[in-house]
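Residues per chain, in single letters:
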Amino acid sequence: MKLQDTLKPVDRRLAMVWRIGAGAGGIFLIVFGCLGLADHPGFLSTHGDQVTGLSTNGALSILSIVAGAVLLVGAVIGGNFASNLNMAVGVLFVLSGFYGLTVLERPEANILNFRMSNVLFAFIFGIVLTTFGMYGRVSSHLPHDNPFWRERIEHEEPQPSGPKTFVKVLHPNPGPTHPVGH
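Each residue is numbered by its place in its chain's sequence as written, counting from 1. Per-residue local features of the predicted model are confined to residues with pLDDT of at least 70, and side-chain atom pairs are confined, for both listing and counting, to 80 or more; whole-chain, interface and lining totals are unaffected and use all residues. To get the side-chain values, all heavy atoms of the structure are used, and hydrogens and water are removed first.

*Asks:* Please clarify how the overall build of the protein should be interpreted in this entry.
*Replies:* Only DSSP runs of H or I covering at least 4 residues are called helices, and only runs of E covering at least 2 are called strands; the numbering of each starts at the N terminus. Helix and strand content of the protein: 6 helices and 2 strands. Listing each helix as α and each strand as β along the protein from the N terminus yields α-α-β-β-α-α-α-α. Only protein chains enter the accessibility calculation, which uses a 1.4 Å probe. A residue is then buried if its area is under 20% of the maximum for its type, exposed if over 50%, and partly exposed in between. Counting the 182 residues in the protein, one finds 35% classified as buried. Surface exposure here means Shrake-Rupley accessible area, sampled with a 1.4 Å probe, where a residue is shielded only by the protein chains that are shown. For the protein, the exposed surface amounts to about 12,000 Å²; the carbon and sulfur share of it is 68%.

*Asks:* How do you make sense of helix H3 (residues 58–77) when you look at a structure like this?
*Replies:* Because an α-helix packs 3.6 residues into every turn, residues spaced three or four apart end up facing the same way. Helix length check: H3 (20 residues) gives 29 Å between terminal C-alpha atoms against 28 Å at 1.5 Å per residue, within 8%. Within H3, the full set of buried residues consists of Gly58, Ala59, Leu60, Ser61, Ser64, Gly68, Leu71, Gly74 and Ala75. Capping of H3 at its N-terminal end is provided by asparagine 57; its side-chain oxygen lies 3.2 Å from the backbone amide nitrogen of alanine 59. One or two residues past the end of H3 sits glycine 78, with phi positive at roughly 70 degrees. Take the residue count of a helix, subtract one, and multiply by 1.5 Å to get its expected span. In protein, a polar contact requires one atom able to donate a hydrogen and another able to accept it; more generally it is a pair of N or O atoms within 3.5 Å, and residues adjacent in sequence count only if both atoms are side-chain atoms.

*Asks:* Sorry if this is basic, but what is going on with the nonpolar core here?
*Replies:* Side chains of a nonpolar character, in soluble globular proteins, are inclined to be buried together. Ala22, Leu29, Leu71, Ala75, Leu85, Val89, Phe93, Ala122, Phe125 and Leu129 together form the largest nonpolar core, which totals 10 residues. Elements supplying a minimum of two residues to this core: helix H2 (12–38), H3, helix H4 (79–103) and helix H5 (116–134). Contact partners of valine 89, with chain neighbours within four places excluded, come to Leu71 and Leu129. We define the nonpolar core as a collection of buried residues of types Ala, Val, Leu, Ile, Met, Phe, Trp, Tyr and Cys that are connected through side-chain atoms lying within 4.5 Å of one another. Grouped together as the second largest cluster of nonpolar side chains are 9 residues, Val51, Ala59, Leu112 and Phe114 included. Any two residues whose heavy atoms approach within 4.5 Å at even a single point are treated as in contact.

Quick look at the structure:
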């Protein structure tokens, strides 16, 4: 597979959904990060600042801006790249939710100032972003004009055609049998 094949959009409708997901998620994260930095939080502060109902500190704000910028780059590039990026960043957000769960009651390890609201946001945002990335790619009922359906059909082996037959097995084990207990 060539790099240019992964960068060009495979279907305009699908590419638009992937771009919208990456763009909206990126804009939200950048706004959240900028609002978090505007309040001058401590870089690794484990208490204090709240922005849009989520706790933050300098490290989380900068990390949010970087993740948002990466998503915006994906929205600009579009195509399969945006889809793959949405799925990857979505999975990272779900993993960050698990990180948040493990450090909720340990202030010395909670360097990103996670609270339960941040954990819930990470899970929900991660699942939504992953869903945007998988849209039109993962389903058992893809339409026939979908490029991913066409690719699956090309790699599938043909099924035998014709009437179904019934084969009766008279002797499944041709050798002598030795039943236990006789």
